[in-house]
Amino acid sequence: MIIDERYLTFMNSFAEGNTEFLENLEADAIANYVPIIRKDMQNFLKVFLQMKQPKRILEVGAAIGFSSVLMATYNPVDCTIDTIENYDKRIPIAKKNIEDAGFSDVITLHHGDAAEILPTLEGPYDFIFMDAAKGQYPVFYPMLKALTKPGTVMITDNVLQDGDIIESHFVVTRRNRTIYKRMRDFLYEAGHDSDFSSTILPVGDGISLLVRK
Ligand SMILES: C[S@@+](CC[C@H](N)C(=O)[O-])C[C@H]1O[C@@H](n2cnc3c(N)ncnc32)[C@H](O)[C@@H]1O
């Protein structure tokens, strides 16, 4: 938790809530330990969609389809969403959720490793949401960049790793050391890429927000 839970509860208490379908889907995800975007990130995305009104959206990391259904629900313009998931067990669940939400014609679920699928996609996208294996962000970044155009927004979730990313190398486990190092590499690369304006915001688990110049 990068923001004191009391502040988060306070801030979230002013949000209007989601559709009944999304509320149920969120409860289902939490009950089954499926990681999905947090409440403050949901609220941020909804406002962002109103501002940007993206027609072509790409998501890396579908899980059971919660965030793609949220984007399809709250984007005020007609859009298409390509979302990628590699965990076999989640594919039929995501597919069913997308169908039940009535968005089969809006959301295309790609089954496989994003590193293999991304080069096969045709850009440019208006909005890219990266929410998959944190250690692979430096690998995905150039592939995603190839799918942008001036004005494309790229948001990457979980970049502050519950605050652990700033901890000393010596107090984190070996596995997390590798993930945090790769995350820092990604943040450095994205932050120093002169093709983008960028910032990091303490929303959800920390997001990186990039806009292609
Ligand atoms: C945090 S969850 C996504 C949550 C989803 N965006 C939501 O909020 O509803 C991350 C997902 O990325 C998937 N994933 C991880 N590495 C991947 C890869 N290399 N290619 C495709 N999917 C991947 C995981 O299986 C997991 O379901």
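Residues numbered from 1 in each chain as written. Predicted model: local features only at pLDDT ≥ 70, side-chain atom pairs only at ≥ 80, totals over all residues. Heavy atoms only, no water.

In this structure, M41, L45, M71, I81, I107, F127 and I155 are the most contacted members of the largest nonpolar core, which totals 32 residues. Broken down by secondary-structure element, the contributors of at least two residues to this core are α2 (20-31), α3 (39-52), α4 (66-74), β4 (127-130), β5 (153-156) and β7 (207-212). Examining the composition of this core, we find that six residues originate from one element, α4, more than from any other. Beyond its immediate stretch of four places on either side in the chain, I107 contacts S68, V69, A72, I81, T83 and I98. Listed in part, the 24 residues of the second largest apolar core include L118, A132, Y137 and L147. (Core = buried A, V, L, I, M, F, W, Y, C linked by side-chain atoms within 4.5 Å. Buried < 20%, exposed > 50% of the residue type's maximum accessible area, 1.4 Å probe, protein only. Helix = DSSP H or I, 4+ residues; strand = E, 2+ residues; numbered from the N terminus. Contact = heavy atoms within 4.5 Å.)

So, about the packing of helix α7 (residues 137-145) against helix α8 (residues 174-191). It is the contact of α7 with α8, at a shortest axis distance of 8 Å, that shows an interaxial angle of 30°. Classed by the angle they form, the pair α7 and α8 counts as roughly parallel. On α8, the residues touching Y137, P138 and Y141 of α7 are R182, M183, D185, F186, E189 and A190. Grouping the amino acids of the contact of α7 with α8 by side-chain chemistry returns six nonpolar, no polar and three charged. (Axes fitted to C-alpha atoms, helices over the stretch in contact; angles between N-to-C directions. Parallel < 35°, antiparallel > 145°, perpendicular 65-115°, else oblique. Nonpolar A, V, L, I, M, F, W, Y, C, P; charged D, E, K, R; others polar.)

Before going further, it helps to spend a moment on the pattern of salt bridges. Pairing between side chains becomes possible if they bear opposite charge and their charged atoms approach one another. Tallied over the full model, the rule gives 13 salt bridges. Across the pair D100 and K96 runs a salt bridge, and its minimum N-O distance is 2.6 Å. Here D100 and its partner K96 are both found in helix α5 (residues 90-100), four residues apart, which amounts to about one turn of the helix. Given a relative accessible area of 44%, D100 falls into the partly exposed group. Residue D195 pairs with K145 through a salt bridge whose shortest N-O separation is 2.7 Å. Here the residue D195 occupies a position in the loop between α8 and β6 (196-201), and K145 occupies one in helix α7, the gap between them amounting to 50 residues. A single salt-bridge network, built from bridges that share partners, covers K145, D193, D195 and R212. (Salt bridge = Lys/Arg side-chain N within 4 Å of Asp/Glu carboxyl O.)

Axis separation between α3 and α4 bottoms out at 9 Å; the angle between their running directions is 35°. For the pair α3 and α4, the sense of crossing is right-handed. Contacts between α3 and α4 involve Q42, L45, K46, L49 and Q50 from the former and F66, L70, M71 and Y74 from the latter. Split by residue class, the contact of α3 with α4 holds six nonpolar, two polar and one charged. (Left-handed = near helix turned anticlockwise from the far one by under 90°.)

It is worth spelling out the pairing of β6 at this point. In summary, the side chains of a regular strand alternate between the two faces of the sheet. Relative to β7, β6 is paired through six bridges, and the arrangement is antiparallel. Residue pairing across strands places S197 opposite V211, the latter belonging to β7. In this structure, the hairpin formed by β6 and β7 is closed by a connection of five residues, where G204 is found at a positive phi of approximately 55°. (Pairing = 2+ DSSP bridges.)

To continue, consider the site of the ligand. Near the ligand you find 22 residues, and of these G61, S67, E85, R90 and D131 are the closest. Here S67 contributes a side-chain N or O atom positioned 2.8 Å from a nitrogen atom of the ligand. In the environment of the ligand, a nitrogen atom lies 3.4 Å from a nitrogen or oxygen atom belonging to the backbone of A133. For the ligand, whose unbound accessible area comes to 600 Å², protein coverage reaches 91%. Elements with a contribution of two residues or more to the shell around the ligand: α4 and β2 (80-85). The residue makeup of the shell around the ligand, split by class, is 12 nonpolar, five polar and five charged. (Near = heavy atom within 4 Å. Polar contact = N/O pair within 3.5 Å; in protein donor to acceptor, adjacent residues only side chain to side chain. Areas by Shrake-Rupley, 256 points an atom, 1.4 Å probe, with all protein chains shown as cover.)

The quantities given are spatial measurements derived from coordinates; they are silent on function.
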